[in-house]
Every structure is written in structure tokens, then in C-alpha cells.
Amino acid sequence: MQTKPTFAPQLVIPNGVTDISFYINAFGATELRRFSNDDGTIHVSELSINGALFHLHEQTLHSAAVSPDRHNATTVTIGLFVEDVHAVVQQAVLSGARLLSAVQDYDYGYRQGEVVDPFGHQWLIEKAI
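Fair warning: this is a prediction, and the values are worked out from it, not measured in the lab. Within any chain, residue numbers begin from 1 and follow the written order of that chain's sequence. Local features in this predicted model are restricted to residues of pLDDT 70 or higher, and side-chain atom pairs are both shown and tallied only at a pLDDT of 80 or more, whereas totals for entire chains, interfaces and linings draw on every residue. With hydrogens and water excluded, all non-hydrogen atoms of the structure serve as input to the side-chain values.

Undergrad: Hey, could you run me through the overall build of the chain in this one?
TA: Here a strand is any run of E in DSSP of at least two residues, a helix any run of H or I of at least four, and the numbering for each starts at the N terminus. Scanning the chain from terminus to terminus reveals 2 helices and 8 strands. In the chain, the succession of α and β elements from N to C terminus is β-α-β-β-β-β-α-β-β-β. Along the first, second and third principal axes, the C-alpha set of the chain runs to 50 × 45 × 25 Å. When accessible area is computed with a 1.4 Å probe and restricted to protein chains, residues below 20% of their type maximum are described as buried, those above 50% as exposed, and intermediate ones as partly exposed. By the burial criterion, 37% of the 129 residues in the chain qualify as buried. Here a residue-residue contact requires only that any non-hydrogen atoms of the pair lie within 4.5 Å. Taking all contacts inside the chain whose residues are at least 6 apart in sequence as the whole, residues at least 24 apart take part in 51%. Counting 7 positive and 14 negative side-chain charges, the chain places the averaged centre of each group 4 Å from the other. A positive count includes Lys and Arg, and a negative count includes Asp and Glu. His and the chain ends are not counted in either. We put the charge of a Lys on NZ, of an Arg on CZ, of an Asp on CG and of a Glu on CD.

Undergrad: I'm lost on the pairing of strand S4 (residues 52–58) in this one. Help?
TA: A regular strand places its side chains on the two faces of the sheet in alternate fashion. Among the 7 residues that make up S4, 5 are buried, leaving the element largely enclosed by the rest of the structure. Pairing of strand S3 (residues 42–49) with S4, which is carried by 6 bridges, proceeds in the antiparallel orientation. Following the sheet pairing, Ser-48 is matched in S4 by Leu-53. Being paired, for any two strands, means DSSP has found at least two bridges between them. Count of turn residues in the S3/S4 antiparallel hairpin: 2 residues, of which Asn-50 carries a positive phi of about 50°.

Undergrad: Looking at this model, I keep getting lost on the sheet that holds strand S6 (residues 98–105). Mind explaining?
TA: To summarise the sheet geometry, strands pair through backbone hydrogen bonds and adopt either a parallel or an antiparallel arrangement. Reading across from one edge, S5-S8-S7-S6 is the order of the 4 strands in this open sheet, with mixed pairing throughout. Here the strands that pair on one side only, and so sit at the sheet edges, are strand S5 (77–81) and S6. When the angles between neighbouring strand axes are averaged without regard to direction, this sheet yields 15°. Judged from the 7 bridges that link them, strand S7 (residues 110–116) and strand S8 (residues 122–128) form a sheet pairing that is antiparallel. Along S8, the bridge assignment pairs Glu-114 with Leu-124. Each axis is a line fitted through C-alpha atoms, and for a helix only the stretch in contact is used; angles between axes span 0 to 180 degrees, taken between their N-to-C directions. Against the sheet, helix H2 (residues 85–94) makes contact with S6, S7 and S8, and its axis sits at roughly 5° relative to S7, the strand it touches most.

Undergrad: Explain the pattern of salt bridges to me, please; I cannot follow it from the model alone.
TA: Working definition: two side chains of opposite charge can pair if their charged atoms are close together. One speaks of a salt bridge when a side-chain nitrogen belonging to Lys or Arg is within 4 Å of a carboxyl oxygen belonging to Asp or Glu. Inspection of every chain in the model, using the stated rule, returns 4 salt bridges. A salt bridge links Glu-83 to Lys-127, with the shortest nitrogen-to-oxygen separation between them at 2.8 Å. Of the two residues, Glu-83 is situated in the loop between S5 and H2 and Lys-127 in strand S8; the sequence distance between them amounts to 44 residues. Between Arg-111 and Asp-105 there is a salt bridge, and its shortest N-O distance comes to 2.6 Å.

Everything listed here is a matter of geometry and, on its own, says nothing about what the molecule does.
So, in C-alpha cells, the structure goes:
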């Protein structure tokens, strides 16, 4: 039986993070499970946005992956397809995201707006129109 490939991005967050409520408040994410360090900070959190999985993972010494704040840059933009782009972008901003580009319709057939979450990850909120 062949299974359909799926993506589950792993977003690196700084060490010492305890509050990831942004994802719950901004995108309606559900935290499925969490692995904490002895001091209560997050080591790994598995979240879902309407069935789409992603993970938050604290920065580790043995990995080349770093949180965007380390270099004030990122090499990945996470595309999140939603029904109401305006509402999700607005909720993300109200929850603490920084607006990169306002929602607009593009001639290639997408409505898109872009935000940066509190940990520096870029999100392209979009819908095919």
C-alpha cells in the first residue's frame, strides 16, 4: 500500500521558549503533543492546523538548522492555504505577527498576504482564486 507524501515542516525556535500560543491564536493550531526540557521550556511541540502537521523544535548544537532570529533571516516561507486570507492575516497580526505584505490578488490566480511570526518564520497566507 502506497501512502501519499505529506510535508511536516520543522520550525526551529530559540532555546528557552515556553509560550507558543501565537500559533493557536493566529492560525487555530492545536498542540498535539509536547516534549519539554527539565526547566519547562519546549524541546519539541507537534502542532496541527486543520490536519496539516508542523513541529517546533528548539535550536540544538548538533544541527545546522537555526532559528531565523540567529541571522535575522530565513530561507523558507511556509505557505498556508486558507479560506479567508484577510481574516487569517488580520488574526495573525493581532496575535503578534509582523505584516510583510498586505493581502492582495495576483494575476497568477492567488490571493496572498505575508506575515512573520514572533520567532521570525515567514508565512504566506494564501488562497487560489
